[in-house]
Amino acid sequence: AKVGFLNGVSGGVASYGLAEKEGFDLAVEEVNKEGKIHFDVEMADTKGNVQQCVSAAQKMIAAKKVLVVGPLISGEYKAVGPLFQKAQIPLLGAATTAEGLIEIGDYMFRNCVPESKNIPQTVKKTHKLLGYKTAAILYAHDNEQHVTAQKYFQKTMEEEGVQVIDVETFGSKDSEYSAQLTNIQHKAPDVIVVCSYYQEGSRILKKMREMGMNQPVLGDNGFVSPELLK
């Protein structure tokens, strides 16, 4: 079976992409060893770039893959989903957690927990544990995943009776967050939510601690990388 794998093993998403590739390679090796079916895999490195992902997707559609796994990023999935739907090739996301992706059509699949299922649990459990009453949210406004995460953090906080006293945004290419963090610091929330990838997340957390902001921080799926704590 000719299988495509759209992934990002270089660029800003490499930490997630390499982890996904290791898991995928292991699974393919196991399936091929069993011998009932043989997966012939072609991987394309999109570097987490939407344009690169679209051109790689077009090549995989032209090569008539029976299934494509990926792409890595929700924004990429949203861009290429309609192409695979039209070509009637199943597209299986493994890390695409934003909303509105599976709704593209009946050839769209994912095996990850979306933000809509993940974040309410995070809020309810941490609220019980930490008892916070006010929160501030900082999120990347130009990333599908983080926009979805912010929406569910805010919604669940309000349902839990937590007051969201500040919402700040930044661009995913930004490296300076002082203005947003100063605004949050003035309002002194009990907890701070950061919706970002680990690169921005680690810079934001460092800056927060340098500024003397010692509140607990809640992250979304973008924090799921061992690189964050390093």
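Up top you'll find the structure we're talking about.
Residues numbered from 1 in each chain as written. Predicted model: local features only at pLDDT ≥ 70, side-chain atom pairs only at ≥ 80, totals over all residues. Heavy atoms only, no water.

Asker: What should I look at first to understand the sheet that holds strand β6 (residues 134–140) in this one?
Answerer: Where strands meet in a sheet, backbone hydrogen bonds hold them as pairs that are either parallel or antiparallel. An order of β7-β6-β8-β9 is seen for the four strands of this open sheet, with the pairing classed as parallel. Whereas interior strands pair on both sides, the edge strands pair on one side only; in this sheet they are β7 (163–170) and β9 (217–219). Strand-to-strand, the axes of this sheet are offset by a mean angle of 20°, without reference to chain direction. When β6 meets β7, the two strands line up parallel, connected through seven bridges. Counterpart to A135 in the pairing with β7 is V164. Relative to the sheet, helix α6 (residues 178–187) contacts β6, β7 and β8 (191–195), its axis offset from that of β7 by approximately 170°. (Pairing = 2+ DSSP bridges. Helix = DSSP H or I, 4+ residues; strand = E, 2+ residues; numbered from the N terminus. Axes fitted to C-alpha atoms, helices over the stretch in contact; angles between N-to-C directions. Contact = heavy atoms within 4.5 Å.)

Asker: Help me understand the state of the cysteines in this model?
Answerer: Working definition of a disulfide: a covalent bond connecting the sulfur atoms of two cysteines. Overall, the coordinates contain zero disulfides when judged by the stated rule. Residue C53 stays outside any disulfide, its sulfur separated by 15 Å from that of C112, the closest cysteine. By relative accessible area, which is 0% here, C53 ends up buried. Sulfur of C195: no disulfide; nearest cysteine sulfur belongs to C112 and is 16 Å away. (Disulfide = S-S within 2.5 Å. Buried < 20%, exposed > 50% of the residue type's maximum accessible area, 1.4 Å probe, protein only.)

Asker: Looking at this structure, how should I read the packing of aromatic side chains?
Answerer: Each aromatic ring pair is described using two quantities: the centre-to-centre distance and the angle formed by the ring planes. In this structure the tally under the stated criterion is four aromatic pairs. Relative to Y197, the ring of Y16 lies with its centre 5.4 Å away and its plane at 55°, an arrangement referred to as tilted. Within this pair, whereas Y16 is found in helix α1 (residues 14–34), its partner Y197 is found in the loop between β8 and α7 (198–210), the two being separated by 181 residues in sequence. The class of Y16 is buried, set by a relative accessible area of 15%. A relative accessible area of 11% means that Y197 is categorised as buried. Ring centres of F170 and Y177 lie 5.3 Å apart, and the angle between their planes is 80°; on these two criteria the pair is classed as edge-to-face. Accessibility classification places F170 together with Y177 in one group, the buried group. Of the aromatic side chains, those joined through ring pairs into one cluster are Y16, Y197 and Y198. (Phe/Tyr/Trp six-rings, centres within 6.5 Å; stacked < 30°, edge-to-face > 60°.)

Asker: Hey, could you run me through the packing of helix α4 (residues 115–130) against helix α5 (residues 144–159) in this one?
Answerer: Helix-helix packing: each pair is described by the crossing angle between the helix axes and the interaxial distance. In the contact formed by α4 and α5, the axes pass within 9 Å of each other and the chain directions differ by 45°. By the angle between their axes, α4 is oblique relative to α5. Every pair of crossing elements has a handedness; the one defined by α4 and α5 is right-handed. When α4 is examined against α5, the residues E115, S116, I119, P120, T122, V123 and K124 are found in contact with a partner set consisting of Q145, T148, A149, Y152, F153, T156 and M157. Split into classes, the residues belonging to the contact of α4 with α5 amount to seven nonpolar, five polar and two charged. (Parallel < 35°, antiparallel > 145°, perpendicular 65-115°, else oblique. Left-handed = near helix turned anticlockwise from the far one by under 90°. Nonpolar A, V, L, I, M, F, W, Y, C, P; charged D, E, K, R; others polar.)

Asker: What should I look at first to understand the pattern of salt bridges in this one?
Answerer: Oppositely charged side chains are able to pair whenever their charged atoms sit close together. Across all of its chains, the model carries nine salt bridges by this definition. Between E144 and K78 there is a salt bridge, with the nearest N and O atoms lying 3.3 Å from each other. In this pair, E144 is assigned in helix α5 and K78 in helix α3 (residues 74–87), connecting sequence segments 66 residues apart. Residue K78 is classed as partly exposed on the basis of its relative accessible area of 44%. Here D166 makes a salt bridge to K187, at a shortest N to O gap of 3.5 Å. (Salt bridge = Lys/Arg side-chain N within 4 Å of Asp/Glu carboxyl O.)

Asker: Looking at this structure, I do not really get the environment of Y198. What am I missing?
Answerer: Mapped onto the elements of the fold, Y198 is located in helix α7. We classify Y198 as buried; its relative accessible area is 13%. C-alpha separation for the pair Y198 and Y16, spaced 182 residues apart in sequence, amounts to 9.6 Å. Not counting chain neighbours up to four residues away, the residues in contact with Y198 comprise G12, S15, Y16, G222, S225, E227 and L228.

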